[in-house]
Amino acid sequence: MLAMHSIDDNDALKTIDTLKVEDPKTIELSEVFSVEEFLQVVEVALGSLSIYLADDTLRGLALTEPQHIMHEARQLMTSDLGEPHSAARQEKLKAILELYIKTGIQVHSPGYMGRQFSGVIPMAGIVDLVNSIINQPSSFYEAAQLPSVAERIMANELNRFIGYPDDNFALVTTSGASLANLTALLTARNSRYPQFWAEGAPVTKNQERPAIAVSGDSHYSVSRAAGIMGIGEAQLVKLPIDGKGCIDLSKVGATLDAAKARGLDVFCLVATSGTTSVCAFDPIEELAEVCQKRNIWLHVDAAHGGSLLLSEQRKHKLKGIEKADSFAWDAHKMLFMPAMCTLLFYKEGNKRRLAFNQEASYVFEKEDDIYTEYDSAQGNFECTKRPLIMNLWVCWVMYGKALFEKKIDLLCELTDSAYHFLEQQPDFTALHRPEANILCFRYCPSQVTDAELSDFQLRLRNDIKAAGKFFISKVNIDGITALRVVFMNHETTLVHFSMLLDELRQTATQWREDRNVAMRTQYNIKNGANEAEQI
Ligand SMILES: *Cc1c(COP(=O)(O)O)cnc(C)c1O
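Since the structure is predicted, the reported quantities are computational estimates derived from the model, not experimental observations. (Residues numbered from 1 in each chain as written. Predicted model: local features only at pLDDT ≥ 70, side-chain atom pairs only at ≥ 80, totals over all residues. Heavy atoms only, no water.)

**A look at the sheet that holds strand 5 (residues 297–301)**
The strands that make up a sheet are held in pairs by hydrogen bonds between backbone atoms, and each pair lies either parallel or antiparallel. What the seven strands build is an open sheet, ordered 1-7-6-5-4-2-3; its pairing is mixed. Every other strand in the sheet has two partners, leaving strand 1 (170–174) and strand 3 (236–239) as the edge strands with one partner each. For this sheet, the mean angle separating the axes of adjacent strands, direction not counted, is 20°. For strand 2 (residues 209–215) and strand 4 (residues 264–272), the ladder comprises six bridges, and the chain directions are parallel. Note that in strand 4 the partner of A213 across the bridge is L269. (Pairing = 2+ DSSP bridges. Helix = DSSP H or I, 4+ residues; strand = E, 2+ residues; numbered from the N terminus. Axes fitted to C-alpha atoms, helices over the stretch in contact; angles between N-to-C directions.)

Laid out in structure tokens, this is it:
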């Protein structure tokens, strides 16, 4: 069995875990940094990765107790290096990579349907290897010339699908959408209250408190950002959502009015393009109109759904995005990049400098020259930053928009087919009609009562995960627990989805059989019968 080893000999494990690791006696710098060493290491890594990528079996996650992984990892540390050193190191590296790969969520397997990160485009991974070795931290032009230029190029390339006026928009890359959301909200806050950065929370004439309006189903990073920024979670105005999980437009005006009456000054509204739970898309165009009328900054958290802009068939889900003051778009989700690479766009590019209203004379110049104009440090939180854009830019150069569009369309079509397939199964219910590649549903066999259904889904999900063939997630919507699949792997097909449904059914049947046996056994014990005779 793949998963859930139990620990039967804790003491033996502990002995190894506390063993002192012997450092190799001598190590020559010239050897470590030699091209020979590099080539050997690469060969081992490529060997492991090739086997991994070629494996198309159904694998989810072999969830293993940390103690066991600790044990294996410690063993790899303690075993003798032996002679010759480089050959022994290759063996050891191979074993380490094997452990690393086998203990992960198998994102390249068709059984992977559980999360929003994907099996990356191999080209992007290779460029990331180069990033790591040549190491050009990219907040300043002089340290990362090509990445700084590539960022401008990608900004322009992607703006073809966004539609901001050409002369003024800007792109900042950040390590994740959580950080992009925080950055954009800081910009919105500092734009409204110019003294906030230096003096702290403003005391306005009418004692109004700064507040942010968010969808009732926004990502947790938004409320976290409010906490970090000193806005306070209590000043988050929750906009009611409709049955599809979108901000209910008909209630926005009244909610904002009520907030105003409560003494709140809403300076920013956060909409979501692709909510994490069901991937619902808020009506951006209409919200932009509301925000414009009320002088509110509109930020769109398009971490997941931003990529649909590249799909001719689906870009309409983000209609009006060019009216958003800012929006966050994760390339490490639906653009299939390695974690992480987030694109934060601003309609008015100059405003990006408001986020961190700060002067640090040792790095920032008073007046830009042709070089510092390309520095991104003033607009992003990170000081040392990976050259996030390189992986994406190179794939864009090599494969073009077509690759992304093809994969996105395929995943959304698959999700749609899965939905229709579910509709034909009397024992399954979909919670929503999918807008992109996320589908939430429940298994509802007749034997299970309504009251038991939520717990039932949870147990199912845990057992399916533990069985190790499929990796799926769960979701809780208004107190209803459901199963959630996110199709990120284009090698997953309807056949695999149908196998998942069968496995869910079999799991529940097995529980029933186990329970019947247990009940029969209890009955027999109570009646003095010998269990063995009954079988
Ligand atoms: C994934 C996601 C985030 C968080 O993004 P990270 O890149 O993981 O920090 C925020 N908002 C939404 C809607 C998301 O889907």
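The rest of the description comes next.
**Some words on the site of the ligand**
By nearness alone, 15 residues border the ligand, and A177, S178, D301, D330 and K333 come closest of all. In the model, an oxygen atom of the ligand is placed 2.8 Å from a nitrogen or oxygen of the A177 main chain. Interatomic distance of 2.9 Å between a side-chain N/O atom of H332 and an oxygen atom of the ligand. Alone, the ligand offers 380 Å² of accessible surface; in the complex the protein occludes 88% of this. Its residues placed into classes, the shell around the ligand shows two nonpolar, 10 polar and three charged. (Near = heavy atom within 4 Å. Polar contact = N/O pair within 3.5 Å; in protein donor to acceptor, adjacent residues only side chain to side chain. Areas by Shrake-Rupley, 256 points an atom, 1.4 Å probe, with all protein chains shown as cover. Nonpolar A, V, L, I, M, F, W, Y, C, P; charged D, E, K, R; others polar.)

**Regarding the layout of surface pockets**
There is about 1200 Å³ of room inside the largest pocket. Contributing to the lining of the largest pocket are 36 residues, with L49, Y52, Y100, V120 and G125 lying nearest its centre. Breaking the lining of the largest pocket down by element, the ones donating at least two residues are helix 3 (35–54), helix 5 (85–102) and helix 6 (122–134). The dominant element in the lining of the largest pocket, judged by the number of residues it contributes, is helix 3, at 10 residues. Split by residue class, the lining of the largest pocket holds 24 nonpolar, 10 polar and two charged. Mapping the lining of the largest pocket onto the domain boundaries places at least three of its residues in each of domain 1 (39–53 + 64–105) and domain 2 (138–198 + 206–399). (1 Å grid on protein atoms, 1.4 Å probe; cavity = no way out; pocket = protein on both sides within 12 Å on 5 of 7 lines; lining within 4 Å. Points joined across faces, edges and corners; volume = space filled by probe spheres on them. Domains from an automatic or database assignment.)

**Structural notes on the packing of aromatic side chains**
Scanning all chains against the criterion turns up 23 aromatic pairs. Ring centres 6.4 Å apart and planes at 50° place the aromatic pair Y164 and F327 in the tilted group. With Y164 in the loop between helix 7 (145–162) and strand 1 and F327 in strand 6 (residues 326–330), this pair connects stretches of sequence that are 163 residues apart. There is no split in this pair, since Y164 and F327 are both buried. When the ring of F456 is compared with that of W511, the centres are 5.7 Å apart and the planes differ by 85°; the resulting orientation is edge-to-face. Taken together, the residues F456 in helix 14 (residues 453–467) and W511 in helix 15 (residues 494–526) connect sequence positions 55 residues apart. Residue F456 is classed as buried on the basis of its relative accessible area of 7%. Chaining the aromatic ring pairs together yields one cluster made of F428, F441, Y443, F456, F487, F497 and W511. Here the basic side chain of R152 rests over the ring of Y374, its NZ or CZ set 4.0 Å away from the ring centre. (Phe/Tyr/Trp six-rings, centres within 6.5 Å; stacked < 30°, edge-to-face > 60°. Buried < 20%, exposed > 50% of the residue type's maximum accessible area, 1.4 Å probe, protein only. Lys NZ or Arg CZ within 6 Å of the ring centre and 35° of its normal.)

**What about empty space enclosed by the protein?**
Within this structure, the stated rule accounts for two cavities of 30 Å³ or more. Empty space within the second largest cavity amounts to approximately 40 Å³. As for the second largest cavity, its lining consists of D128, N131, P338, A339, M340, R386, P387, L388 and N391. By residue class, the composition of the lining of the second largest cavity is five nonpolar, two polar and two charged.

**Some points on a nonpolar patch on the surface**
A surface patch of nonpolar side chains, about 890 Å² in accessible area, is lined by V35, F38, L39, L46, L49, I126, L129, V130, I133 and I134. Elements represented by at least two residues in the nonpolar patch include exactly helix 3 and helix 6. Within the secondary structure, I133 is located in helix 6. (Patch = residues over 30% accessible without salt bridge, like charges linked within 9 Å, V, L, I, M, F, W, Y side chains within 5 Å. Salt bridge = Lys/Arg side-chain N within 4 Å of Asp/Glu carboxyl O.)

**Let's talk about the side chain of K92**
Assignment of secondary structure puts K92 in helix 5. Look at K92 and you get buried, because its relative accessible area is 18%. Of the polar contacts made by the side chain of K92, one reaches the backbone oxygen of L76; its length is 3.0 Å.

**Some remarks on the environment of T272**
On the secondary structure map, T272 appears in strand 4. C-alpha separation for the pair T272 and S215, spaced 57 residues apart in sequence, amounts to 7.4 Å.

**Quick look at the pairing of strand 2**
Among the seven residues of strand 2, six are classified as buried, and the element is accordingly described as predominantly covered. Both strand 2 and strand 3 contribute to a ladder of four bridges, which runs parallel. Across the sheet, residue S215 finds its bridge partner in strand 3, namely L239. Following the backbone out of strand 2, through helix 10 (residues 220–228) and into the adjacent parallel strand 3, one traces a crossover that is right-handed. (Right-handed = clockwise from strand over helix to strand, strands pointing away.)

**Concerning the packing of helix 6 against helix 13 (residues 389–423)**
Running from amino to carboxyl end, helix 6 crosses helix 13 at an angle of 135°, the nearest separation of the two axes being 8 Å. On the basis of their axis angle, the class for helix 6 and helix 13 is oblique. The crossing of helix 6 and helix 13 is right-handed. Contacts between helix 6 and helix 13 pair M123, A124, V127, D128 and N131 from the former with M390, N391, V394, C395, M398 and Y399 from the latter. Partitioned by chemical class, the residues of the contact of helix 6 with helix 13 number eight nonpolar, two polar and one charged. (Parallel < 35°, antiparallel > 145°, perpendicular 65-115°, else oblique. Left-handed = near helix turned anticlockwise from the far one by under 90°. Contact = heavy atoms within 4.5 Å.)

Any functional reading would require information that these geometric values do not contain.
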